[in-house]
Amino acid sequence: MTPGNSQAVIRQAENRDVHRVINYIDHAPLIHRNLDWRPLIEWVEKPPFLLRMVNDTITAILSCAPDPPGVAWIHCYATNSFEGKLEETWSEMLHAAVQYIKAANSSLYAIAMHDWFTDLLLHSGFQRLQSIVSLTWHGVIPPQLPLSSRVLIRPMELTDLDQVAMVDGEAFSKQWVISSESLKRVYYQAEHTSVAEVEGQIVAYEISTADHFAFHLTRLAVLPTHARANIGYSLVRDVFDYFSNRGIHQGTVNTQDDNHASLSLYQKLGYELTHDNFPVYRYGY
């Protein structure tokens, strides 16, 4: 039972709840969705995926299962509470979720894309960590830069994913590392993938998605031991060639506003910052 409301119950979702969850998400007046590669339904049986029930009716949903272990993002928060009840319902759901997150020795993060969700985060113990910024490429292919003859760039294969995951784990701070399962998902959704090898070992990789009008550089990672060797630059330049040859001359990429090396690389490649940015918050226990 939730405090102060004998009719409300918060419980972990089960497989039998899937259809009700889908229906609720389709009609919820307030909904936050994270930027990830898995459909929400895949999280239903991964705790915490919490349902707030009143008289056997869903009134709020909060999903934030750790993935990879140690890192939990708020995948979804949906509610039909307004005004005074909004903070009360959120507090109930967050309190229940944090018990799971603490037990899993994980940190909790959220990306805010709506003012109402930002307000909830700021009033419940979340602190701003950084922001995600967006950059756009407009079709001008930059010059080639020298690349060691020891570096081989080739298409990524499914059998490379274990090595790719290791590169990812070393290249990013923990909250931005992608799990092996999510990596496989984005690989299958990709339009273009490539790796850079040195003496048979993968030291960098790129994954890009696309529609008919633009592509998105979804992941780019280079081992710190091979930074500043023009490897990331060369991988992205090959992406430009690939999509330009298919008539696509617009591209986007996201990074963090405090990732100065990444920003410098993308701007060197011809990407330009846009006005889009989304604050990232971390919960303080």
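Enquirer: Explanation requested: the environment of Trp-37 in the structure shown.
Expert: As for its placement among the helices and strands, Trp-37 is situated in the loop between β2 (30–33) and β3 (49–54). With 152 residues separating them in the primary sequence, Trp-37 and Gln-189 have C-alpha atoms 8.8 Å apart.

Enquirer: Would you mind going over the sheet that holds strand β4 (residues 57–63) with me for this structure?
Expert: Sheet architecture is open: 5 strands sit in the order β1-β3-β4-β6-β2, paired in antiparallel fashion. Looking along the sheet, the strands with just one partner apiece sit at the ends: β1 (8–12) and β2. Strand-to-strand twist in this sheet, taken as the mean axis angle between neighbours without regard to direction, amounts to 15 degrees. As defined by bridge partners, β1 adjoins β3 across 5 bridges and the pair is classed as antiparallel. Opposite Gln-12, over in β3, you have Leu-50 as the bridge partner.

Enquirer: Help me understand the pattern of salt bridges in this model?
Expert: Under the defined criterion, the tally for this structure stands at 14 salt bridges. Its salt-bridge partner being Glu-42, residue Arg-185 comes within 2.3 Å of it at the nearest N-O pair. Separated by 143 residues along the polypeptide, Arg-185 in helix α5 (residues 180–189) and Glu-42 in the loop between β2 and β3 bring together distant segments of the chain. Judged by its relative accessible area of 27%, Glu-42 falls in the partly exposed class. Between Arg-154 and Glu-197 there is a salt bridge, with the nearest N and O atoms lying 2.8 Å from each other. Residue Arg-154 is located in strand β9 (residues 151–155), and its partner Glu-197 is located in strand β10 (residues 192–198); the two are separated by 43 residues in the primary sequence. For the pair shown, Arg-154 and Glu-197 are each scored as buried. A cluster of three or more residues bridged by salt bridges with shared partners is formed by Arg-11, Asp-17, Arg-20 and Asp-56.

Enquirer: How should I be thinking about the nonpolar core in this particular structure?
Expert: Most often, soluble globular proteins keep nonpolar side chains buried together rather than apart. Met-156, Leu-183, Tyr-205, Phe-215, Tyr-266 and Tyr-271 are the most contacted members of the largest nonpolar core, which totals 40 residues. If you list the elements that add at least two residues to this core, you get β8 (126–137), α4 (161–171), α5, β10, β11 (201–210), β12 (215–222), α6 (231–244) and α7 (260–268). The element that contributes the greatest number of residues to this core is α6, accounting for 8 residues. Among residues more than four places away in sequence, those in contact with Leu-183 are Leu-161, Val-164, Ala-165, Ile-178, Tyr-205 and Ile-207. The next biggest cluster of nonpolar side chains, apart from the first, holds 26 residues, and it includes Leu-62, Ala-72, Tyr-77 and Ile-101.

Enquirer: What's the story with the packing of helix α2 (residues 84–103) against helix α3 (residues 115–122) in this structure? I'm lost.
Expert: Two quantities define a packed helix pair, namely the angle between the axes and the distance from one axis to the other. Viewed as axis vectors pointing N to C, α2 and α3 meet at an angle of 55 degrees, and their least axial separation amounts to 10 Å. Taken together, the axes of α2 and α3 lie oblique to each other. Judged by the twist between their axes, the crossing of α2 over α3 is right-handed. Touching Leu-86, Glu-87 and Trp-90 of α2 are Phe-117, Leu-120 and Leu-121, all from α3. Here the residues of the contact of α2 with α3 sort into 5 nonpolar, no polar and 1 charged.

Enquirer: What is the right way to look at the packing of aromatic side chains in this model?
Expert: Each pair of aromatic rings is reported with the distance of its centres and the angle of its planes. On inspection of all chains with the given rule, the structure shows 17 aromatic pairs. Of the aromatic side chains, those joined through ring pairs into one cluster are Trp-137, Phe-215, Phe-240, Tyr-242, Phe-243, Tyr-266 and Tyr-271. In this structure, Arg-38 is placed above the aromatic ring of Trp-43, and the distance from its NZ or CZ to the ring centre is 4.7 Å. One residue, Arg-246, lies across the ring of Tyr-242, its end atom 3.7 Å from the ring centre.

Enquirer: It is not clear to me how the pairing of β2 should be interpreted in this structure. Could you clarify?
Expert: Looking along a regular strand, one sees the side chains alternate between the two faces of the sheet. A one-sided burial pattern is seen for β2, the buried positions being Leu-30 and His-32 and the unburied ones Ile-31 and Arg-33. In terms of strand pairing, β2 meets strand β6 (residues 76–79) through 4 bridges, oriented antiparallel. When the bridges of β6 are listed, Ile-31 appears paired with Ala-78.

Enquirer: Mind showing me how you'd approach helix α1 (residues 18–27) here?
Expert: Because each turn of an α-helix spans 3.6 residues, side chains separated by three or four positions end up pointing in the same direction. For α1, every residue scored as buried is listed here: Val-18, Val-21, Tyr-24 and Ile-25. For α1, the arc enclosing every buried residue in end-on projection is 125 degrees, short of the 170-degree limit, so these residues lie on one face. Away from its buried face by more than 90 degrees, α1 exposes His-19, Asp-26 and His-27. Here the buried face of α1 lies against β2, β3, β4 and β6.

Enquirer: Mind showing me how you'd approach the pairing of strand β13 (residues 251–256) here?
Expert: In terms of strand pairing, β8 meets β13 through 6 bridges, oriented antiparallel. Within β13, the residue paired with Thr-136 across the bridge is Thr-252. Summarising the sheet, β12 and β13 pair through 3 bridges and their orientation is parallel. Counterpart to His-216 in the pairing with β13 is Thr-252.

Each value, and the rule that gives it
Residues numbered from 1 in each chain as written. Predicted model: local features only at pLDDT ≥ 70, side-chain atom pairs only at ≥ 80, totals over all residues. Heavy atoms only, no water. Helix = DSSP H or I, 4+ residues; strand = E, 2+ residues; numbered from the N terminus. Pairing = 2+ DSSP bridges. Axes fitted to C-alpha atoms, helices over the stretch in contact; angles between N-to-C directions. Salt bridge = Lys/Arg side-chain N within 4 Å of Asp/Glu carboxyl O. Buried < 20%, exposed > 50% of the residue type's maximum accessible area, 1.4 Å probe, protein only. Core = buried A, V, L, I, M, F, W, Y, C linked by side-chain atoms within 4.5 Å. Contact = heavy atoms within 4.5 Å. Parallel < 35°, antiparallel > 145°, perpendicular 65-115°, else oblique. Left-handed = near helix turned anticlockwise from the far one by under 90°. Nonpolar A, V, L, I, M, F, W, Y, C, P; charged D, E, K, R; others polar. Phe/Tyr/Trp six-rings, centres within 6.5 Å; stacked < 30°, edge-to-face > 60°. Lys NZ or Arg CZ within 6 Å of the ring centre and 35° of its normal. Arc of directions from axis to C-beta.

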